[in-house]
Amino acid sequence: PDQRLVRIFDVTADALRALAAERPMALLIDDVQWADEDSLRMLRYLVRSQAAARIFLMLAIRPEETASVNEAVTLMADMDRLGMLHRLKVGRFSRVESIELLQQVLGGQVDASTAAVMHAQAEGVPFILAEQALAYRDASLVQQIDGVWTLARNAQRMLPSAVRTLIQRRAARLPEATRTALAHAAVLGRSVSLIDLGEIEARLMGEAPAAEDLAASFAPAVAAGLLIQHPDGSPADYTFTHEQVREYAASTLPPPRRRAIHAAIVGMLTRGGDPLPESLPLLAQHALAAGDGELTARASVQAAEAALKANAPEEALRLVELAQPVASRAQDRVALLLLRDSALGTLRRPAQRLEALTELAALAEAMGDTHLEFDVMLRRAAAFRLSEDHDVAASIARRVRDEAAAAGNAPIELAACIELGQDLMRADLGEGMTVTPTEADFDGAWEAFSRAVEIAEAVQDESMVAAATRELGVISMSRVRVGFVKAVEAGQHLEILGRLTAGATIEDILPELPIAPFHADASARFQRALEIYERLGDRQGTMATIIAMATLSWAPNIHLLGSPGQIEEIRRLATRMKTMTRQSERALADAQMLFGAHVYARDRLFADAALAKGAEAFGAARVLGERGLEFAAAGGVALQHAQLGSVEEAGRWLERAAAVASAAPTPLRARQMEAWRGVVCAAAGDAAGAEAHLGRAVALATEHGQPAARCEMLALRALSLAWLVAESDDDRLSTLAEGAAVEALRLTGTLPGHPPWGAQAQAALALVRSGRGDEVGALEAGRAALRLLHDAVREDIPLETILAAARPVLKDGSGEEQGPLLQQLRLTLVLATQRITDEEVRARWFRSRTGRELVRLAGPLDEMSHGVAASRPDAALEPEERSLLRRVTEGRTNAEIARELEIGEDVVIRRLALLFAKIGAASRAQAMTVAITGQLV
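Residues numbered from 1 in each chain as written. Predicted model: local features only at pLDDT ≥ 70, side-chain atom pairs only at ≥ 80, totals over all residues. Heavy atoms only, no water.

### Details of the sheet that holds strand E8 (residues 238–240)
Then comes step 1: The antiparallel open sheet is built from three strands, whose spatial order is E6-E8-E7. Both outer strands of the open sheet, strand E6 (191–192) and strand E7 (227–229), are each paired with one neighbouring strand and no more.
Then comes step 2: Taken together, the two bridges between E6 and E8 define a ladder with antiparallel strand orientation. By the bridge assignment, Val-192 is partnered in E8 with Tyr-238. (Pairing = 2+ DSSP bridges. Helix = DSSP H or I, 4+ residues; strand = E, 2+ residues; numbered from the N terminus.)

The following block contains the structure:
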């Protein structure tokens, strides 16, 4: 028999060698620990006799089971001696790898949140992940909806039978003492301390085993790969390798024994009196398992209150749900329901909040507690406000205010006035800065907050006095903004701009303006609120008021001249108040203000500042672990690079955003990633990529039932594709852009306020119709887009929309339309030249599609440079000087001009210095302004 076996080995080796001589081959062998000995001996024979053959041999084996397979150990030792062994330890899957595996197992796309849940439950172990996916599918807990596999919201963690069998097979080889110790440890939790386990054993058995004996009993479980042993000095001694292992070990205990262990843990946690605050969640969990409902409710209430104070609303909800089924006393049920409502409010889940308040309202009515009934009504109003149904919220708040006033219930009347003021201002307490009269009821909110101040002073509630006073200041500051808007509409801002550029300060001009009383009132109220907040030590209120004061102080300059530096000053002012917040709060506020400066700079054509502040915000958010801010900053920088025509750099920043979205996926991030990729593809002229990504963004918004998001994505798709149509004259793209624009306009009519998407859609139609030769339709759409932008009174500069709408109006519109529009475009061009101080970024901006189109529509550059001589007789330019100035206005750098003129860069610098002196320009930006407008600015 031995000779026959060797003959088989020899024939097999010859066959494999012959095959490998024709073509390199690979043998992939999984689960070597289950192989029979003769097969392993055959592999040894192959390795030793055909070492030079072109064969790749890969073996997969569980390390903890290697020692029990002697032939496998010998095989690897032979390969190691021959120098052909390379060991790899396979780690657990990342979230991205888990998504890929789930798509293979389920055979289709997987919802991002579903993948995140299943990855977390499997802890990245591929075998468990695959088995879990199949178990969920067989139980109909994961369904394919619109081609995407989605997990049911109420799906509980499952222990698939194949996983249970694997764990059971490993545990079956353990000694009885090890299995018992493992089961007791599993009740304690995922990580186990021998000291704690010894105390539990003592409470159960009356005698504590020695730590050495417990460690010895755990040794076989460590060898079997069920436990991980930690080094000395670690907080825990052992950890279960997987939550499924812990759950299996705990399930082997009979229920009475398990309850006894839980009761012993409760005794351990409560020894010496009140438990430590950090142990309250654990106490609630074990008290519930031990059957002590009263202790469960009490501990859950205290733990949930602490969680809310620590800004952990999800944990508070978990604790409430844990205790609700066993809370028998009415007071405990009320406390739990109030905590649940507060947590849902913090999480901004109005629909769930309204549903949950129904139970609390019924309980309040049954108890006959009028005060609680009023409180529930105000909480319902707050939920409606959160869902942006402000009219309903205001109606409820008015009713509570009137009834409380009639009953002489001052605290409730105060709370109702505060709620009513927020409803009418469309802003949460402490978060409002400036709002518009088209969206807020200034008079009604003023009356509500004024009454709140009166009541708060009467009941000596200084915190509410400060809060209501600050909101009154916000109303006055909003009236200041309204005054500026009216000045812009009347063209008076040009006179103010002229005086400012002539050397006057805003402090000189402000007292002469009609808004001066509102400005003074806002300043006085902010000052009073700040004094109260500082006296009370309210850090959050102090910060909100300081930022409001800074906004009021710099608002005129920000609105008229525009400067992200003043946004930066607001950031510095907030972060300088070191006594105001903790270090982590200051760092977060700093990162948020950096991002605010980035957004402001992008909206106001400070392209270089937008890149710098966006990168700073991204870095700060990454250090803090603020995923949302990190994602938004990366996307913002990518869009700014795309607008400048730097598609490769935009792609790099998109990958940074994609890494965040993959690590912490949400529906919003998935949609934004598709939208950003579509915009970048459009900037690169990739019509197919833009169409695919923007179409996917629309589909995602539709899937999640969000009309506003769908309208936004449709308008973005329409305008992006329309610009591609304008450059390529593609009939299919033209049809797609038109369809998206028409649908966006339909949705815009159902949305409140003045969203910018209607103007985007009309601008897209203007481009599409121009491309088809429909000049009348294009003019109509262009006029509609400009009218919508005017009615929205927006302070940003949506250049892509303006330029698309301006094309047909400047071509076929009336002189009354063209004059102001041309003046606006030229002023925008002047602002761009002045605001982008980095020469390289300015050059990129002027070479971009946006810059080129703005220059083309604002007027020929030759005419503008000729205008210098007309307005400045002493600055008559020679043809060579006009040529040089034209290149400056086209955004070329000194090096580029030198290459074009075939002269040295130092010569260009000297000629530019002489040219700037001749036309009276102090800088390159001012020289560009002179060339564009024909006069010094």
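### Quick look at helix H13 (residues 255–269)
Then comes step 1: Helix length check: H13, at 15 residues, gives a terminal C-alpha distance of 21 Å against a target of 21 Å (1.5 Å per residue), a fit within 8%.
Then comes step 2: Along H13, the residues that are buried comprise Ile-261, His-262, Ala-264, Ile-265, Val-266, Gly-267, Met-268 and Leu-269.
Then comes step 3: Looking at the buried side of H13, the elements it contacts are helix H9 (176–188), helix H10 (194–205), helix H14 (280–290) and helix H15 (293–309). (Expected span 1.5 Å × (residues − 1). Buried < 20%, exposed > 50% of the residue type's maximum accessible area, 1.4 Å probe, protein only. Contact = heavy atoms within 4.5 Å.)

### Quick look at the pattern of salt bridges
Then comes step 1: Evaluated as defined, the whole model comprises 56 salt bridges.
Then comes step 2: Here Arg-910 ties to Asp-906 by a salt bridge, and the two come within 3.8 Å at their closest N and O atoms. Of this pair, Arg-910 and Asp-906 are both found in helix H46 (residues 905–919), four residues apart, which corresponds to roughly one turn of the helix.
Then comes step 3: Residue Asp-906 is classed as partly exposed on the basis of its relative accessible area of 45%.
Then comes step 4: Because the salt bridges share partners, they merge into one network encompassing Glu-37, Asp-38, Arg-41, Arg-44, Arg-48, Glu-71, Asp-78 and Arg-81. (Salt bridge = Lys/Arg side-chain N within 4 Å of Asp/Glu carboxyl O.)

### With respect to the confidence of the model for the protein
Then comes step 1: Per-residue confidence for the protein gives a mean pLDDT of 82; residues scoring 70 or more make up 87%.
Then comes step 2: Taken as a whole, residues 560–566 scores under 50 in pLDDT and shows 25 contacts with residues more than four places along the chain or in a different chain.
Then comes step 3: Here residues 860–874 is modelled with pLDDT under 50, and outside its nearest four sequence neighbours on either side it reaches 33 contacts, counting other chains as well. (pLDDT = per-residue confidence, 0-100.)

### Comments concerning the sheet that holds strand E5 (residues 148–151)
Then comes step 1: Strand order in this open sheet of three strands is E3-E5-E4, and the pairing throughout is mixed. In this open sheet, the two strands that pair with only one neighbour each are strand E3 (109–110) and strand E4 (142–145).
Then comes step 2: Bridge count for E3 against E5 is two bridges, and the pairing is parallel. Note on E5: the bridge partner recorded for Gln-109 is Val-148.
Then comes step 3: Where helix H6 (residues 112–122) meets the sheet, it contacts E3 and E5, and its direction lies at approximately 55° from that of E5. (Axes fitted to C-alpha atoms, helices over the stretch in contact; angles between N-to-C directions.)

### With respect to the pairing of strand E1 (residues 25–29)
Then comes step 1: For E1 and strand E2 (residues 55–59), the ladder comprises five bridges, and the chain directions are parallel. Across the sheet, the residue bridging to Ala-26 is Phe-56, located in E2.
Then comes step 2: Of the crossover connections in this fold, the one passing from E1 over helix H2 (residues 37–49) to the parallel E2 is right-handed. (Right-handed = clockwise from strand over helix to strand, strands pointing away.)

### Examining the packing of aromatic side chains
Then comes step 1: Per the counting criterion, the structure on display carries five aromatic pairs.
Then comes step 2: For the ring pair Phe-618 and Trp-653, a centre distance of 5.2 Å and an interplane angle of 80° mean the geometry is edge-to-face. Linking Phe-618 in helix H30 (residues 607–624) with Trp-653 in helix H32 (residues 647–663), this pair joins segments that are 35 residues apart in sequence. Each member of the pair, Phe-618 as well as Trp-653, is classed as buried. (Phe/Tyr/Trp six-rings, centres within 6.5 Å; stacked < 30°, edge-to-face > 60°.)

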